[in-house]
Amino acid sequence: MNTSVDDGIENIKVNLALVLQQIEQSVQLAQRDENSVRLLAVSKTKPVAALEAAYFLGQRAFGENYVQEAVDKYHALSHLTDIEWHFIGPIQSNKSRLIAETMHWVHSIDRKKIAQRLNEQRPSDLPALNVCIQVNISGEASKSGIILSELDDMVSLVKSLPNLRLRGLMAIPAPQHSHSDQCRVYEPISQAFLELSKSDSMIDTLSIGMSGDLAAAIESGSTMVRIGTAIFGERDYSAKL
């Protein structure tokens, strides 16, 4: 193995340990249970070798934003049978079948049509697809997600689809300037998640928090944080698998 590859793997090892330490510290500060927050390693644009390195360091859940890239990595790493694949990006109708056939989780359900297509296209020999409903909590026109007033209808629809399993909610808020502002923006979705989880024990996932607001998200009840560059380094969008 050449020196640059060795250095890359060592960087991932150091970075992953630091991220896990930050999660642990934030969990302690929030006075939450030790294992109440999972790390989703966001690996979009990163080569298969980087995912393998993180895998052999103990990471199992990986998040991808681009359908064809996700499917290519799914096939390239099919020998690692306990990898958990999460699709976290926008979903086009003509790409839903590829997601339904390969992913274990989808975090970005924001349209009834997409939920219905994923349900119809999920292969019968696979378990139900774990899904989160994406909520637009900052009111940004450029962001995907339903508004909270539409949540009850979307929850009812997803629960009616036998090949989907509703696990919770996801959000990507607009950047905020302070920890208190980050917590304030998360408060509505945190409350909505609490109400849903009280009424349904299968709803156990609040997918909020990235590198810039990890502590606030955990304080706000996140059960899954999505971290990419802090583990794998800056992204090169021209890179190939």
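For the structure, check the block above.
Residues numbered from 1 in each chain as written. Predicted model: local features only at pLDDT ≥ 70, side-chain atom pairs only at ≥ 80, totals over all residues. Heavy atoms only, no water.

## Structural notes on the environment of Gly221
Logical step 1: Tracing the chain through its elements places Gly221 in the loop between helix H8 (214–219) and strand E8 (224–227).
Logical step 2: With 90 residues separating them along the chain, Gly221 and Val131 place their C-alpha atoms 18 Å apart.
Logical step 3: Those residues within four positions of Gly221 in sequence are excluded, and the remaining contacts are Arg32 and Leu206. (Helix = DSSP H or I, 4+ residues; strand = E, 2+ residues; numbered from the N terminus. Contact = heavy atoms within 4.5 Å.)

## Looking at the packing of aromatic side chains
Logical step 1: Throughout the structure, instances matching the rule amount to two aromatic pairs.
Logical step 2: Ring centres of Tyr55 and Phe56 lie 5.1 Å apart, and the angle between their planes is 90°; this geometry places the pair in the edge-to-face category.
Logical step 3: With relative accessibility at 61%, the residue Phe56 sits in the exposed group.
Logical step 4: Judged by centre distance (6.3 Å) and plane angle (40°), the ring pair of Phe62 and Trp85 falls under tilted. With Phe62 in strand E2 (residues 61–64) and Trp85 in strand E3 (residues 84–87), the pair connects residues that are 23 residues apart, well separated along the chain. The residues Phe62 and Trp85 share a single accessibility class, namely buried.
Logical step 5: Here the basic side chain of Arg60 rests over the ring of Tyr55, its NZ or CZ set 3.7 Å away from the ring centre. (Phe/Tyr/Trp six-rings, centres within 6.5 Å; stacked < 30°, edge-to-face > 60°. Buried < 20%, exposed > 50% of the residue type's maximum accessible area, 1.4 Å probe, protein only. Lys NZ or Arg CZ within 6 Å of the ring centre and 35° of its normal.)

## What about a negative patch on the surface?
Logical step 1: Together, Glu150, Asp152, Asp153 and Glu195 make up a negatively charged patch on the protein surface.
Logical step 2: Structurally, Asp153 is set in helix H6 (residues 151–160). (Patch = residues over 30% accessible without salt bridge, like charges linked within 9 Å, V, L, I, M, F, W, Y side chains within 5 Å. Areas by Shrake-Rupley, 256 points an atom, 1.4 Å probe, with all protein chains shown as cover. Salt bridge = Lys/Arg side-chain N within 4 Å of Asp/Glu carboxyl O. Lys, Arg positive; Asp, Glu negative; His and termini not counted. Charge placed at Lys NZ, Arg CZ, Asp CG, Glu CD.)

## Looking at the layout of surface pockets
Logical step 1: Quantified by volume, the largest pocket comes out at close to 300 Å³.
Logical step 2: Lys44, Asn65, Ile88, Ile172 and Met210 are, among the 20 residues lining the largest pocket, the residues nearest its centre.
Logical step 3: When its residues are assigned to classes, the lining of the largest pocket shows seven nonpolar, nine polar and four charged. (1 Å grid on protein atoms, 1.4 Å probe; cavity = no way out; pocket = protein on both sides within 12 Å on 5 of 7 lines; lining within 4 Å. Points joined across faces, edges and corners; volume = space filled by probe spheres on them. Nonpolar A, V, L, I, M, F, W, Y, C, P; charged D, E, K, R; others polar.)

## Points about the nonpolar core
Logical step 1: Counting residues in each nonpolar core, the largest one holds 64 residues, and the members touching the most others are Leu118 and Leu169.
Logical step 2: Each residue touching Leu169, except ones within four places of it in the same chain, is listed here: Cys132, Ile133, Val135, Leu151, Ile189, Ala192, Phe193, Leu196, Thr205, Leu206 and Ser207.
Logical step 3: Among the nonpolar cores identified, the runner-up in size contains eight residues, and Leu40, Ala61, Ile88 and Met224 belong to it. (Core = buried A, V, L, I, M, F, W, Y, C linked by side-chain atoms within 4.5 Å.)

## Some points on the side chain of His86
Logical step 1: By secondary structure assignment, the location of His86 is in strand E3.
Logical step 2: For His86, a relative accessible area of 0% corresponds to the buried category.
Logical step 3: Within the local environment of His86, its side chain forms a polar contact with the side chain of Glu84, the two groups lying 2.7 Å apart. (Polar contact = N/O pair within 3.5 Å; in protein donor to acceptor, adjacent residues only side chain to side chain.)

## Some points on the pattern of salt bridges
Logical step 1: Throughout the structure, instances matching the rule amount to eight salt bridges.
Logical step 2: Put simply, Glu69 and Lys73 hold a salt bridge, and the shortest N to O gap is 2.7 Å. One end of the pair, Glu69, and the other, Lys73, are both in helix H3 (residues 67–76), four residues apart, so they sit about a helical turn from each other. For the pair shown, Glu69 and Lys73 are each scored as buried.
Logical step 3: Arg111 is the partner of Asp110 in a salt bridge, and the nearest nitrogen-oxygen pair spans 3.6 Å.
Logical step 4: According to the relative accessible area criterion, Asp110 is buried, its value standing at 18%.
Logical step 5: Bridged by salt links that share partners, the residues Glu64, Glu69 and Lys73 form one connected network.

## What about the environment of Leu20?
Logical step 1: Mapping Leu20 onto the fold places it in helix H1 (residues 3–29).
Logical step 2: For Leu20, a relative accessible area of 42% gives the class partly exposed.
Logical step 3: Separated by 67 residues in sequence, Leu20 and Phe87 have C-alpha atoms that sit 21 Å apart.

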